[in-house]
Amino acid sequence: MKKPLAVASAVLAATLALSACSNSNNNEASSSASPSASNAPQVKNTEDFPNVHYDLGSTRHVPFTEITKENVNDLGVIWSADFKKLDPKIANGNQAFTVVLDGVLYVSTSKNHVFAFEAVSGKELWHWAPDAILEENSKNLVIVANRGVAVAEGQVFMLTLDNRLISIDAKTGKTNKIVSISDAVDGVTVENGYYETTAPVYYNGNLYIGSSGGDNGVRGFVMAYKSDLTPAWDQPFWVVPPKGQDWLKNAIYNGGGAVWCPITVDEETGIIYFGTGNPAPDFYGEDRPGSNPYTDSVVALDGATGKLIWAEQEISHDLWDYDAASTPMLIKAKINGTERKVVVHGGKSGQWWALDAATGERIYDGVQFAKKISHPDPTPEGVLVYPGIYGGQNYAPETYDPQSNYVLIPGIEAPSVAVAQKEGQEKVSPFGTTIAAAPADIKPYGTVTAIDMNTGKIAYQYDTDAQMRGGFTSTATGLAFYGELNGKFRALDIQAGKIIWEFQTIGDNIGSAPSIFTQDGKEYIALTTGGSKPKVMVFALGGDKTQGTAPVDEVEKGAHD
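One numbering rule holds for all chains: residues counted from 1, following each sequence as written. Reporting of local features is limited, given that this is a predicted model, to residues whose pLDDT is at least 70; pairs of side-chain atoms are given and counted only at 80 or more, and all residues count toward the totals for whole chains, interfaces and linings. Here the side-chain values reflect all heavy atoms present in the structure, with hydrogen atoms and water set aside.

Enquirer: Summarise the nonpolar core; cite the residues concerned and give the values.
Expert: Here, nonpolar core means buried Ala, Val, Leu, Ile, Met, Phe, Trp, Tyr and Cys residues that are tied together by side-chain atoms lying within 4.5 Å of each other. Any residue under 20% of the maximum accessible area for its type is buried, any over 50% is exposed, and the rest in between are partly exposed; the area is computed with a 1.4 Å probe on protein chains only. Within the largest apolar cluster, 38 residues are counted, with the highest numbers of intra-cluster contacts made by L75, L105, F117, F481, F489, W501 and F539. Helix numbering and strand numbering both begin at the N terminus, where a helix is a DSSP run of H or I of at least 4 residues and a strand a DSSP run of E of at least 2. Here this core takes six residues from strand β40 (residues 535-541), the largest share from any one element. Within the second largest apolar cluster, 37 residues are counted, among which are L165, V201, I209 and W247.

What follows is the structure, given as structure tokens:
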């Protein structure tokens, strides 16, 4: 059956609703968590997970050492909270990355709820719920995920589905200010096909945001705001030209280049880096001639001004929905025996790049981590494409382990059938293309790939039981933690390439990477799960080891933007 790529309710979006099976977990430590907004903990001796990807370089590598290869099997749940029990209005699914700062865990949910918990006890401090305007504006959207918040200057910042930027008081959970992005960035409305699923990133007094909706023909952008939610740049950086100009001159529905994952910052230079999505329409390129810059690219801007420094395109004139969407990672790694500062990035094309951070020079160019790459031009009859629209690397973040000098890539092996509209039909439809179901006998799964930064070669690769959607967090003891769509949470011995611990969560999927933090010298791991019973769970040594039941079927097929 063919399913149209409709505005914010496409088949890609439908998967983000994350409706899932209803298995429960016996290890749910009680989090009845009565709100106490004025009683935020006065915690000292903490080592935080302060940003959505830990550090501003997005390495997702923490320096903590309590949990080791020798004791990891003693991990268990110390508390968990069921979001739907806290508020039945919370929508199915969850892909939120948690932030932990000064003893408080901040987490968003689908449909833009935000919670603050005492990070170690699980006591609910406050709950910010969407207002009537947000509920009305988002009622017809099927893409309802929110992937996290930024916490800085005593405020919690979130982007909402209906394209607003919100500041919440971090102690009380009360709204400080709300602005519509369309006030500073022309045309950014739900009616025009825009929506927000990403986490803002705070750096040096500024908040950096992008937007979703590339498949709807919107014009992708990055914008900076000050912490008082006034514009920090004179104008946004637009990824693609204005409608009716250059390669967009031939069809009003063309566009794309959405920036739907968080940016990365080089604190030494002030350069920001981000990945961009596909041009639109996805599978029909006749009315968007040329390479369609800067879609499917890694882009570097001056963070203070928004001016372009460099851009490197991964896929030229994309016909297969091969977003370069995931957050680039900035690292200092040994390459050919010499330390270099590089930006590394994997795309949905199933390839991986390492670029010089200052110039964009290609150091490792298109290393294949997908097992099969085959993408003939789409036809009206449909063609089977490897990777499909949900892989190779989707939004899931990589991590870098300095000890092994390995980058870990989360991959998806799931083909799609790409169907191009007959010539001319794209002129009367804002969608232009469809995606048909892949053959039923092809079972999607995931991969973990380790790249040796010294050589650019694959050190090892192994298959996961289910698709690996959430991404990694690694530690100074040589461990990397990640989850799969079957609800399994696992620890990998990075050097050996072997899974050495696993925990079956509640049975729903895992669509985000964990946060790792310490308090009073003890190490904790926070993780969210999705599905019909979305939860937040915190693990530590000595916790409850009672495990859940694996789902019968994987419900989430993937995520687009």
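Now that the structure is up, let's keep going.
Enquirer: Residues and numbers for the sheet that holds strand β10 (residues 155-159), please.
Expert: We treat two strands as partners when DSSP finds at least two bridges between them. Strands sit in the order β9-β10-β11-β12 across an open sheet of four strands; the sheet is antiparallel. Sheet topology places β9 (150-152) and β12 (175-180) at the edges, where each strand pairs with a single neighbour. Sheet twist, expressed as the mean angle between neighbouring strand axes with direction ignored, is 20 degrees. What counts as an axis is a line fitted to C-alpha atoms, over the stretch in contact for a helix, and the angles between N-to-C directions run from 0 to 180 degrees.

Enquirer: So what about the side chain of S167? Which residues, and what values?
Expert: Along the chain, the position of S167 falls in strand β11 (residues 164-169). For S167, a relative accessible area of 1% corresponds to the buried category. At 2.4 Å, the side chain of S167 and the side chain of Q155 are in polar contact. Non-local contacts of S167, meaning those with residues more than four positions away in its chain, are made with Q155, V156, F157, K174, T175, N176, K177 and L229. A 3.5 Å cut-off defines polar contacts: any pair of N or O atoms within that distance qualifies, except that in protein one atom must be a possible hydrogen donor and the other a possible acceptor, and neighbouring residues in sequence count only when both atoms are side-chain atoms. In this analysis, two residues are considered to be in contact whenever any of their non-hydrogen atoms come within 4.5 Å of each other.

Enquirer: Describe the pairing of strand β37 (residues 498-504), with residues and values.
Expert: Two elements, strand β36 (residues 488-493) and β37, share six bridges in a ladder whose sense is antiparallel. Paired with A491 across the bridge in β37 is W501. Once β36 ends, the chain turns through four residues before running back antiparallel as β37, passing G497 with a positive phi of about 70 degrees.

Enquirer: Now, about the environment of K139: what can you tell me, with residues and values included?
Expert: Tracing the sequence through the fold places K139 in the loop between α3 (132-137) and β9. Sequence separation between K139 and D162 is 23 residues; the distance between their C-alpha atoms is 9.8 Å. Polar contacts involving the side chain of K139 include one to the side chain of E136, which spans 2.8 Å.

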